[in-house]
Amino acid sequence: MKEIAAEQKVNLPPLTDDLSLHETGFDSLAFAILVARLEDDLGIDPFTISEDAAFPLTVGDFVRAYENVPA
Amino acid sequence: MSQREIFALRDYLGPELKGRTISDARHSVSLTNILSQTCLDTCRSKLSGRSVLLSMSGQLLSGLAMIEIDGIVRRMLLCPPDLNPDYLETLIADAEIDAVVTDNPERWTLTGIALVVSVGLPVTPARPDQTECATEWLMLTSGTSGVPKIAGHTLEGLSGAIVAEGAARGTPPVWATFYDIRRYGGLQIFLRAIIGGGSMVLSEYGEALADHVARLQARGVSHISGTPSHWRKLLMSGSAAGFSPRYVRLSGEIADQAVLDGLAQAFPNASVGHAYASTEAGVGFAVNDGREGFPASLIGPNRDGVEMKVVDGSLCIRSRRAAHAYVGKAAAALTDADGFVDTGDMVELRGDRYYFVGRRGGIINIGGLKVHPEEIEAVINRHADVRMSRAKSRRSPITGSIVVADVILTADGAGRAKEIRDEILSDCRASLASHKVPAVIRFVDALDVTPAGKLARSDA
């Protein structure tokens, strides 16, 4: 996230589990980039795999979305 | 039309020019006495006035047959080697084909086509033919899906740009092209060789690039053309060293500044030019100032009978070099009511120059915003360590789609991938709107190129 924040010139606040994604300063494009790069690194995209995956609201939700994908 | 106003390829093949040849990897045929020889069987006398399908496995026999039947047959339909055989029946009906000239006559015996003439080497002595009519040349469009359209041309239209540019000075040129001569871009070069009094070195399907270049050198090729993708592949291969053409031509895709500069560097003794042409619109113009795009002054009528205008960003051309019609029962109109062909090639005016930005049909949609992949590639290709790139859309659960780019690095750049990635992204951010900046850059060893020599765009 820090890499993309630097590229997108976003001032990233300290990342904590209960920080809302809105407060990260990331716009939808920055998230799209993050999801695409994570998919390349991890081989998974939890938001496409699961149709009923609730869209995460906080950084913690976002991380859990990846943790909950069956390996 | 009086008899002497009709001209045919044989008019450019007199015996007075010595040492002219046409060759592929296996054979070389002298063009000097070609008019008193034939590569066709004895049925050739029955071809007069027919609509002929040229179905050849290779380019050499195709070229020899074109020379022989131009001005004799009513029509000749050129089939590129990758033509899907499923489309033949439709094409044969649309072009009213009633004869086939082929090096594989067995394949055609049961097809119901009345006359099958076989073609082969060596050429044998024969009485020279007299031109009887202006043959209609039928070329297939290189669209990506469905039955190709048939564009009808005359030799006069096909050779319009060649005649306008005039004969090359000095030693007769030895032409070569990476294209197949049964496509518009390749046929232009074949005609340049024949009409300009020169020789022709053909490409060979499946031949390794290094072997091809060695053959170009051995045959003394002085003038050569290909698509920017062909040229990028050559520059990447390291095979260009030692090859020293006088004229290097690009067409068929957007020639960006990076490939023009790369060629000027690799061939310091050559003039490098890029031409705009399409199977439908014919040759529009050539640009020889070494810069991408073209001067805005070319828009409007010009003295060579080509008139261009830009409508909703698309280049439109009215020209005597254009095809005169699509051929076939249900064929669409080729031009608008005023005679302009809408090329679908999108241009943008910056200062006193127009720049090609992409194909109208190739636009990718990023979160509702339209993007031409070519404009992104042009920025990426400017990086000194990049040889070739392809931008495309990728599905995204967040925005619907994002831009991703596959990039081929030069040998020098291969060790610094991370650094180059950051440099490319910062170049892109400096000159492109944020939705056009690639979200992901992948370094790859190769990018697919279609049989027509263009970068394969599966999502276009």
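Draft legend 1. Spatial organisation of the overall build of chain A. The secondary structure content of chain A amounts to four helices and zero strands. In chain A, the order of α-helices and β-strands from amino to carboxyl end is α-α-α-α. Counting over 71 residues, chain A shows a buried share of 20%. Contacts in chain A between residues far apart in sequence, at least 24 positions, make up 47% of those at least 6 positions apart.

Draft legend 2. A look at the domain arrangement of chain B. Residues and elements named next belong to chain B. Here chain B is partitioned into domain 1 (3-350) and domain 2 (363-443). Centre-to-centre, using C-alpha coordinates, domain 1 lies 34 Å away from domain 2. Listed by partner, the interface residues are nine residues for domain 1 and eight residues for domain 2. Elements supplying a minimum of two residues to the side of domain 1 that touches domain 2: helix H7 (228-237) and helix H8 (257-266).

Draft legend 3. Molecular detail of the interface of chain A and chain B. The partner chain B presents eleven residues to the 13 residues of chain A that form the contact. Elements supplying a minimum of two residues to the side of chain A that touches chain B: helix H2 (28-42) and helix H3 (46-49) of chain A.

Draft legend 4. A look at H7(B). All names here are of chain B. Among the ten residues that make up H7, eight are buried, leaving the element largely enclosed by the rest of the structure. All of the buried residues along H7 are Pro228, Ser229, His230, Trp231, Arg232, Lys233, Leu234 and Leu235. Summarising the contacts, the buried residues of H7 are in contact with helix H6 (209-218), strand E12 (223-226), strand E13 (247-250), H8 and strand E25 (386-396). Just beyond H7, the residue with positive phi is glycine 238, at close to 75°.

Draft legend 5. Structural context of the sheet that holds strand E26 (residues 400-409) of chain B. Taken together, the three strands give an open sheet; going across it, the order is E25-E26-E27 (chain B), and neighbouring strands pair in mixed fashion. Strands with a single pairing partner mark the edges of an open sheet, and in this sheet they are E25 and strand E27 (440-443) of chain B. Put simply, the sheet's adjacent strands are angled 25° from each other on average, direction ignored. Bridge count for E26(B) against E27(B) is four bridges, and the pairing is parallel. Residue B:Val407 lies in a different strand from E27(B), and its bridge partner there is B:Phe443. Here H2(A) sits on the sheet and contacts E25, E26 and E27 of chain B; the angle it forms with E25(B), its principal contact strand, is near 105°. Docked against the sheet, helix H9 (residues 373-381) of chain B engages E25 and E26 of chain B, running at close to 140° with respect to E25(B).

Draft legend 6. Representation of unusual backbone geometry in the model. Residues and elements named next belong to chain B. Here the residue pair leucine 121 and proline 122 is connected by a cis peptide bond, since its omega of 0° sits within 30 degrees of zero. Its location among the elements puts proline 122 in strand E7 (residues 115-125). Its identity as a non-glycine residue notwithstanding, glutamate 96 has a phi of 50°, on the positive side. With respect to the helices and strands, glutamate 96 occurs in the loop between helix H2 (88-94) and strand E6 (99-102).

Draft legend 7. Representation of the confidence of the model for chain B in the model. Residue and element names in this part refer to chain B. In the predicted model, chain B carries a mean pLDDT of 91, and the fraction of residues at 70 or more is 98%. Looking at the elements of chain B, mean pLDDT is at its lowest for strand E23 (residues 364-366), recorded as 83, and at its highest for strand E5 (residues 75-78), recorded as 98. Complex prediction metrics read pTM 0.87 and ipTM 0.76.

Draft legend 8. Quick look at the packing of H7(B) against H8(B). Residue and element names in this part refer to chain B. Taken N-terminus to C-terminus, the directions of H7 and H8 make an angle of 45°; their axes are 10 Å apart at the nearest point. Taken together, H7 and H8 sit at an angle that is classed as oblique. Where H7 crosses over H8, the two elements pack in a sense that is left-handed. Contacts from Pro228, Trp231, Arg232 and Leu235 in H7 reach Val259, Gly262, Leu263 and Ala266 in H8. The class makeup of the residues in the contact of H7 with H8 is six nonpolar, one polar and one charged.

Draft legend 9. Examining the nonpolar core more closely. Counting residues in hydrophobic clusters, the biggest one holds 100 residues, and the most contacted among them are B:Val52, B:Leu54, B:Ala65, B:Met76 and B:Leu77. The residues touching B:Leu54, leaving out its near neighbours within four places in the chain, are B:Ser62, B:Ala65, B:Met76, B:Leu77, B:Leu78, B:Cys79 and B:Val101. Membership of the second largest hydrophobic core comes to 36 residues, among which are A:Ala30, A:Phe31, A:Val35 and B:Ile441.

Draft legend 10. Quick look at the packing of H9(B) against helix H10 (residues 417-431) of chain B. All names here are of chain B. For the pair H9 and H10, interaxial distance at closest approach is 9 Å and the crossing angle is 125°. With respect to H10, the axis of H9 lies oblique. The element H9 and its partner H10 pack so that their crossing is right-handed. Where H9 abuts H10, its residues Ile376, Val379 and Ile380 lie against Ile424, Asp427, Cys428 and Ser431. Among the residues making up the contact of H9 with H10, the classes are represented as five nonpolar, one polar and one charged.

What counts, and at which threshold
- Residues numbered from 1 in each chain as written.
- Chains lettered and ligands numbered in written order.
- Predicted model: local features only at pLDDT ≥ 70, side-chain atom pairs only at ≥ 80, totals over all residues.
- Helix = DSSP H or I, 4+ residues; strand = E, 2+ residues; numbered from the N terminus.
- Buried ≥ 20, exposed ≤ 12 C-beta atoms within 10 Å, placed from the backbone.
- Contact = placed C-beta atoms within 7 Å.
- Domains from an automatic or database assignment.
- Pairing = 2+ DSSP bridges.
- Axes fitted to C-alpha atoms, helices over the stretch in contact; angles between N-to-C directions.
- pLDDT = per-residue confidence, 0-100.
- Parallel < 35°, antiparallel > 145°, perpendicular 65-115°, else oblique.
- Left-handed = near helix turned anticlockwise from the far one by under 90°.
- Nonpolar A, V, L, I, M, F, W, Y, C, P; charged D, E, K, R; others polar.
- Core = buried A, V, L, I, M, F, W, Y, C linked by C-beta atoms within 7 Å.

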